[in-house]
Structures are given as structure tokens and as C-alpha cells.
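# Observations on the three-dimensional arrangement
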Amino acid sequence: MDIVSQLQRQFIDYSASLHHEQGFVDDQFTQLQKLQDENSPDFVVEVASLFFEDCEKLINNMARALEQQQGVDFKQVDASVHQLKGSSSSIGAVRVKNVCISFRSFCEAQNREGWSNSFLQQVDQLNNIHVILW
Amino acid sequence: MGMAAESQFHVLAVDDSIIDRKLIERLLKTSSYQVTTVDSGSKALEFLGLHEDDTTNPSTPCVSPNNHQEVEVNLVITDYCMPGMTGYDLLKKIKESSSLRDIPVVIMSSENVPSRISRCLEEGAEEFFLKPVRLSDLNKLRPHLMKTKSKDQHQKQEKQEEKSAFQSPKQQQQEKEEHQQQQQASNNKRKAIEEGLSPERTRPRYNGITTVV
């Protein structure tokens, strides 16, 4: 049990260092790792889990708002993007955060096409992070 | 019960994002603070023992008579952007309440908007942190908490005297002695701090702000 969690932690550290170089996560992720200790050994895993749940929920919200036949509610989309930007910033998922920032300009321009295309790209990116971190 | 020996500060953290709540909780615990987290301004006010329309009466029916709060809160740290009651609204309500206005309030925000920052500081916020909040930001909290602590000691001493009927004479004497000792130690400091505090804080304080590019 102990060895498993040690290995788990090593794996997270290793993959996190890859990310740092590849640019998936930034220094904030390192800060989170520093906050993990014997008192809270699963902190990073817990926060990461919360982030993915949050992501799923928010992306579903956005997708639903985008699918609206009668007209996209960009305010709703913007609100979800804002939340996702906040969460990704807190966890250090810098690519997600940057995409959120450009998303918001799409919302402002009410550019549905541009939104949809990079939206799909972004889902791919998130899947990458998901796979690597787990 | 245990009023004299409080070595840990209790911080109330308010944020609608579960991730940020988890993060701030960990940061605060790492800094050896006791933490309670809530997900909205209204829950924060509830926890502080303040009802929506209750701004002047410190003794609300459901809490003990001499302490307006069930649990003492030494600092409130809140997110700015929240649905319903924003962090700014919460700050205002706290500062408007006679029972809560001495509690230091810190605002956090993911957005670096100078007008927002100055508005919060003018309303009485002690600090404004940009998210994501770091451990180094939390180090800035200590002076604000120490300031409240010595003020609290003085108020507690007064309440202690009122409360004498409820305690055995010996217990009362012990607590009084402890209070007096602490009072002596912090008396000079308290004076210095009070002189330093001007009623209108017009100078902008941009502590703990890093511009995010």
C-alpha cells in the first residue's frame, strides 16, 4: 500500500516534469506539489480529480449552450469559460487557461464557428492531460 | 471555556469554486491556521452569526449571550467573483456590522482590475490577493491577525468582568490574571498600532499584487 502510493507520487512527479517542459502545466502545479506532505499525502491527486470533474461539468455546459438552436447564449458560455479559466489557473493547467482566454474573445465576437473549432481541439488537449496524469 | 489560551487563528475562507476552496484550505492549514470553508457570502454571514437584516444587534437569539459568534473567526478571506453575493458585498456587510467590523477581510481575485482593487481597499479590505494565491501571500496575513488579537484581548477582559456571575471565583481569577499578563505585553503594541491606523485610508495599498501578463 505504501509502496504503491510512493510509486504513484513518483509517477506524478515525473509526468509533471514532462509537462513543465511540454507546457501543459506551469509553476502553479509545482506549488501544489509543494503543498503535499505527510499530513495531506493525496492533495495533488484530490485537486486534480476535482479539476477534471469541474472541467467535465463546465465543458458540458458550454456544449449545451453552443448547441442551442434558437441562438447561442454567449453570456452563459462566457460564465463557464470564466470559471474554467479560474480553475485551470489555480491548478496550473496553463494550456487550458490560455485557451480559455482566447475563448472569451470568441464569445465577445460572438464567433460561433471559431469557438466550435478550437473547442474540439481543446477537448483533445484535455484528454491528453487526463491520460498523462492518471 | 478556553478563551484565554487561543494559540491558533481561525480563518473563514469563502469561494464558490471547489478547487479554490481546497487550495486555500491547504495553504491556510500549511500556515498553521484553523480553517473553515464556505461556498457563498450568505453562508459566510450565517457562520459569522449575522442574519441578513441584523446589523446592529450583536446578540442574536441562537448564539451564546457573551460571544456573538459560536466560533471565533479571526480573519475572513473571500473570492471577489461569486454568484449572488460578491466578495465586495460580503466585505460591506461585515464592515457595516457592529459585531463583525473588526474582523480583517482579505479579497482574492483572478482578475487584476485596479478600480476593483482600490474599491475593496477603500471599503476596508486589508489586502487584495491575485489568484492563484501563494504561500508567500499568506505571510502577509499575520500582522493583521496579531492586531485583532490584542484588540480582542481587551474586549474579552471587559466581557470577562461582566461574566463573573457565571464562573467560580477561582476560575475567574485565573483567567483574569492570564488576561492581564497578556494585556501588559500587548498594551504598548496596541497603542502603537492604533495610532498608526487613520480613520480614512486614502492611500492606496497595493500589497501583494503582482500583475499577471
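As a starting point, this report considers the structure included with it. Owing to the predicted nature of the structure, the values given are computational and were not obtained by experimental measurement.

### Section: the interface of chain B and chain A
Counting from both sides, the interface comprises 16 residues of chain B and, opposite them, 20 residues of chain A. For the chain B face of the interface with chain A, the top three residues by lost area are Ile 19, Lys 22 and Arg 26 of chain B, together amounting to 41%. Across the chain B-chain A interface, the total number found is 3 salt bridges. In this structure, the salt-bridge partner of Arg 26 of chain B is Asp 37 of chain A, at a minimum N-O distance of 3.9 Å.

### Section: the sheet that holds strand E2 (residues 34–38) of chain B
Residue and element names in this part refer to chain B. Sheet architecture is open: 5 strands sit in the order E2-E1-E3-E4-E5, paired in parallel fashion. Taken across any chain shown, the strands that pair with only one partner, and hence form the sheet edges, are E2 and strand E5 (127–130). Taking the axes of each pair of neighbouring strands and ignoring which way they run, one obtains an average angle of 20° across the sheet. Here strand E1 (residues 10–14) runs beside strand E3 (residues 75–79); their pairing, made up of 4 bridges, is parallel. Pairing of Val 11 across the sheet is with Leu 75, part of E3.

### Notes on the side chain of Ser 89 of chain A
Following the sequence through the fold, Ser 89 of chain A ends up in helix H4 (residues 74–91). Under the relative-accessibility criterion, Ser 89 of chain A is labelled buried at 16%. Those residues within four positions of Ser 89 of chain A in sequence are excluded, and the remaining contacts are Gln 28 and Lys 97 of chain A together with Lys 131 and Pro 132 of chain B.

### Re the packing of aromatic side chains
In the structure shown here, the tally under the stated rule is 2 aromatic pairs over all chains. A centroid spacing of 5.7 Å and a plane angle of 50° characterise the contact between Phe 51 of chain A and Phe 52 of chain A, whose relative ring orientation is tilted. When its relative accessible area of 2% is taken as the criterion, Phe 51 of chain A is described as buried. Ring geometry for Phe 9 of chain B and Tyr 33 of chain B: centres 6.4 Å apart, planes at 45°, overall tilted. Pair noted here: Phe 9 of chain B is in the segment before E1 and Tyr 33 of chain B is in the loop between helix H1 (18–30) and E2, with a separation of 24 residues, a long-range link. Across from the ring centre of Tyr 88 of chain B, 4.3 Å away, lies the NZ or CZ of Arg 119 of chain B, which sits over that ring.

### A word on the pairing of E3 of chain B
Residue and element names in this part refer to chain B. Taking burial as the measure, the 5 residues of E3 include 5 buried ones, the bulk of the element. Both faces of E3 are covered, namely the face carrying Leu 75, Ile 77 and Asp 79 and the face carrying Val 76 and Thr 78. Here E3 pairs with strand E4 (residues 105–109) via 4 bridges, running parallel. Bridging from a neighbouring strand, Ile 77 pairs with Val 106 of E4. For the segment spanning E3, helix H3 (residues 87–96) and E4, crossover handedness is right-handed.

### Here's the deal with the nonpolar core
Grouped together as the largest cluster of nonpolar side chains are 49 residues, with contacts concentrated most on Phe 51 and Leu 84 of chain A together with Ile 24, Leu 28, Ile 77 and Leu 141 of chain B. Among the elements that take part in this core, helix H3 (residues 43–67) of chain A stands out by supplying 13 residues, more than any other. In this structure, Leu 141 of chain B is in contact with Leu 28, Tyr 33, Leu 75, Val 106 and Phe 129 of chain B, ignoring residues within four places of it in sequence. One finds Met 82, Ile 103, Val 105 and Phe 128 of chain B within the second-largest nonpolar core, a separate group that totals 26 residues.

What counts as what
- Residues numbered from 1 in each chain as written.
- Chains lettered and ligands numbered in written order.
- Predicted model: local features only at pLDDT ≥ 70, side-chain atom pairs only at ≥ 80, totals over all residues.
- Heavy atoms only, no water.
- Contact = heavy atoms within 4.5 Å.
- Buried area = accessible area lost by both parts, 1.4 Å probe.
- Salt bridge = Lys/Arg side-chain N within 4 Å of Asp/Glu carboxyl O.
- Pairing = 2+ DSSP bridges.
- Helix = DSSP H or I, 4+ residues; strand = E, 2+ residues; numbered from the N terminus.
- Axes fitted to C-alpha atoms, helices over the stretch in contact; angles between N-to-C directions.
- Buried < 20%, exposed > 50% of the residue type's maximum accessible area, 1.4 Å probe, protein only.
- Phe/Tyr/Trp six-rings, centres within 6.5 Å; stacked < 30°, edge-to-face > 60°.
- Lys NZ or Arg CZ within 6 Å of the ring centre and 35° of its normal.
- Right-handed = clockwise from strand over helix to strand, strands pointing away.
- Core = buried A, V, L, I, M, F, W, Y, C linked by side-chain atoms within 4.5 Å.

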